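Inside the fold
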Amino acid sequence: MKLFKITFLFIFIFMFYACQESVQRSSEKENTTISTSENFEAEKSMREEKTDSTDIEIIDNHPKTELNGQSQTSNTGTPTANQNQSIWQIGTLVSIILNIILLLLLIKTMNSLKYQKQRKQKYKDDIFEVNKNASDLIAKNSSIIRNNNDLLKKINSTHEKKSVTNQYHDDEKSAEYIFNNINPNPKINPTPSSPEDKPKAVLFAGKPLESKVFTAVSPLQDEHKSIFRLTLENKEAYKAHFEVVENEYIMKMIANSPDTYLYNVCNPENSNQNFDGRILTTKKGIANLIDGEWIVKEENKATIKFQ
């Protein structure tokens, strides 16, 4: 396309100069014709003066010849001048038209170059913006990775502290056991505390996700959202046993859509067609706290029965 435009431009330039040359030659011819006619007029006046001094016969013969020559010259000279003038006008008109066309082509070419320059600049700006966004994403990912590493370090340190504390309690229990065995007075024996006396924590959870993660976990029960009850050994435990909450509103809701509300973390013993108003948890499931979320493994699902 560019090669075609350049060729077309050169052709117009060539035609422009050719028209200029034609106009110049036409003007030179017209000047020559005008000078010839002026010389003829001068010669005519001189001959007329001579005829006044000659005799009547010469006057009768000679002017006829001159008049014939004048008529012939005038007949041949006038069309030539008119023809040259019309050629000059046509050449001028063609030159003006070619100049206008050439100007329009130049303007169009300049606009095209300007548009291409703008497109290149926009393309560079887009590439710069994409690179900038990629750099920002890389920086954010690096920050997230650092935060995750710090969180893992904190979790590991917490587990280490917990293991040290448990070991310390185990040491105290073993020492207490030894002390009780060597107690000289067997009647005075400290009563061991039963596991039931230890304070337990209870949490309530809503609908589980397909990834077996409990949602809307809270220590308070919501009659319209709480579906499961999670029982922990203490508030800092990472393991909990869960069962279905017995609530009339919740029972009707989850019995109609057990695939959504139950089967992600529960295995049914029978069909929900047997539902008469109660869902019994025949085997409690186990959930583990991982990265701040209570997650149920496939082998730790609860078992339920529709009644």
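Residues numbered from 1 in each chain as written. Predicted model: local features only at pLDDT ≥ 70, side-chain atom pairs only at ≥ 80, totals over all residues. Heavy atoms only, no water.

It is worth spelling out the sheet that holds strand β8 (residues 302–306) at this point. With mixed pairing, the three strands of this open sheet are ordered in space as β4-β8-β5. On the outer flanks of this sheet lie β4 (266–268) and β5 (279–283), each paired with one strand and no other. Neighbour-to-neighbour, the strand axes of this sheet turn through a mean angle of 40°, independent of strand direction. With four bridges joining them, β5 and β8 adopt antiparallel strand pairing. Among the inter-strand pairings, Leu280 is bridged to a residue of β8, identified as Lys305. (Pairing = 2+ DSSP bridges. Helix = DSSP H or I, 4+ residues; strand = E, 2+ residues; numbered from the N terminus. Axes fitted to C-alpha atoms, helices over the stretch in contact; angles between N-to-C directions.)

Before going further, it helps to spend a moment on helix α3 (residues 248–256). By the burial criterion, the buried members of α3 are Ile250, Met251, Ile254 and Ala255. One face of α3 carries all of its buried residues, which in axial projection span an arc of 120°. Of the exposed residues in α3, those oriented more than 90 degrees away from the buried face are Glu248 and Asn256. Next to the buried residues of α3 lie β3 (239–244), α4 (258–261) and β5. Sitting at the amino-terminal end of α3 is Asn247, which places a side-chain oxygen 2.9 Å from the backbone nitrogen of Tyr249. (Buried < 20%, exposed > 50% of the residue type's maximum accessible area, 1.4 Å probe, protein only. Arc of directions from axis to C-beta. Contact = heavy atoms within 4.5 Å. Polar contact = N/O pair within 3.5 Å; in protein donor to acceptor, adjacent residues only side chain to side chain.)

What follows covers the nonpolar core. Ranked by internal contacts, the top residues of the largest apolar core, which has 26 residues, are Phe214, Phe228, Leu230, Phe242 and Leu262. At the level of secondary structure, the elements contributing two or more residues to this core comprise β1 (201–205), β2 (228–232), β3, α3 and β8. Setting aside residues no more than four positions away along its own chain, Leu230 makes contact with Ala201, Val202, Leu203, Ala205, Phe214, Ala240, His241, Phe242, Ala287 and Trp294. (Core = buried A, V, L, I, M, F, W, Y, C linked by side-chain atoms within 4.5 Å.)

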